[in-house]
Amino acid sequence: MKQPVNKRIATVKKRDGYIYIDPPELSDGIYTPESKNMVERLNAAVYMDMNVPSVRRWLKILGRALYNRREGKEEENVLMRRLPKGYILVKTNTTHKLAICGHPRGQLFRTLDAFREHLLWLEESTNNKITNLSANRDKCECKKCIQYLRGDHLPEGSVAIAVGDYVPLPTLLKPDVSLLSQP
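Residues numbered from 1 in each chain as written. Predicted model: local features only at pLDDT ≥ 70, side-chain atom pairs only at ≥ 80, totals over all residues. Heavy atoms only, no water.

Asker: Any chance you could explain the sheet that holds strand β2 (residues 44-46) here in plain terms?
Answerer: Whether parallel or antiparallel, the strands of a sheet pair through hydrogen bonds between backbone atoms. Ordered by their spatial adjacency, 3 strands build an open sheet running β2-β4-β5, and the pairing between neighbours is antiparallel. Strands at the two margins of the open sheet, each flanked by one partner only, are β2 and β5 (98-101). Each strand of the sheet is rotated relative to its neighbour by a mean of 40°, with strand direction disregarded. Alignment of β2 against strand β4 (residues 88-92), held across 3 bridges, turns out to be antiparallel. When the sheet's bridge partners are listed, Val46 is paired in β4 with Val90. Lying over the sheet, helix α2 (residues 53-71) contacts β4 and β5, oriented at roughly 55° with respect to β5. (Pairing = 2+ DSSP bridges. Helix = DSSP H or I, 4+ residues; strand = E, 2+ residues; numbered from the N terminus. Axes fitted to C-alpha atoms, helices over the stretch in contact; angles between N-to-C directions. Contact = heavy atoms within 4.5 Å.)

Here you go:
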């Protein structure tokens, strides 16, 4: 009897020889296209062209980590189709390095290892059918979540650029409560 197939994994390699894998269904990412000012204030630019070798490398490493977790075996040629909802890949204007934007703490994941921990927690939460990621954050081992739980919160409505340097988030991220009182 055949094993059930994980529907989030392409079962056939594409013509280019890669298996394409979807990100976890659950996400705590806070980035939306309307909040692009947030990226600009982080002195970065959205950078998600899969044909760029550095972007493809990040999506390959993250895709392999997810595939290995889901299937329990190593596979070299795996690409994640996109980042989880609310996360984007950016290129910093100062260092010209890739980073991932979208963590609720408002900081960039500057390395693959830092985001991989968070990504695998999102995957585990999806598999365990967790409905409240905030209540489950203590299970995440990424530095951003550990700092968040420790109480190292940023001032409300801010984004960290560097240690001790804060910038207000764009007002588009703040709900307009006046709309709630209208009939």
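Having put the structure on the table, let's press on.
Asker: Any chance you could explain unusual backbone geometry here in plain terms?
Answerer: Only a minority of non-glycine residues have a phi that is not negative, and only a minority of peptide bonds are not trans. Unlike most non-glycine residues, His96 shows phi in positive territory, near 60°. In this fold, His96 is placed in the loop between β4 and β5. Although it is not a glycine, Lys129 sits at a positive phi angle of roughly 55°. Residue placement: Lys129 occurs in the loop between α3 (112-127) and α4 (143-150).

Asker: How should the pairing of β4 be read in this particular structure?
Answerer: The side chains of a regular strand alternate, first on one face of the sheet and then on the other. Counting buried positions along β4 yields 4 of 5 residues, so the element is predominantly enclosed. The pairing of β4 with β5 spans 4 bridges and is antiparallel. Opposite Ile88, over in β5, you have Cys101 as the bridge partner. A loop of 5 residues connects β4 with β5, the two strands running antiparallel in sequence, and His96 in this loop sits at a positive phi of about 60°. (Buried < 20%, exposed > 50% of the residue type's maximum accessible area, 1.4 Å probe, protein only.)

Asker: How should I be thinking about the nonpolar core in this particular structure?
Answerer: Across soluble globular proteins, you tend to see nonpolar side chains buried next to one another. With 32 residues, the main nonpolar core has Leu62, Met80, Leu83, Tyr87, Leu89, Ile100 and Phe115 as its most contacted residues. Broken down by element, this core gets its largest block of residues, 8 residues, from α2. Among all residues touching Met80, those that are not within four sequence positions of it are Ile21, Pro23, Met50, Leu59, Leu62, Gly63, Leu66 and Leu119. In this structure, Ala44, Ile88, Val90 and Ala99 belong to the second largest nonpolar core, which totals 9 residues. (Core = buried A, V, L, I, M, F, W, Y, C linked by side-chain atoms within 4.5 Å.)

Asker: Looking at this structure, how should I read the environment of Cys145?
Answerer: Here Cys145 is to be found in helix α4. Judged by relative accessible area, Cys145 falls into the buried class, the value being 0%. When sequence neighbours within four positions are dropped, the list of residues in contact with Cys145 reads His103, His118, Arg137 and Cys140.

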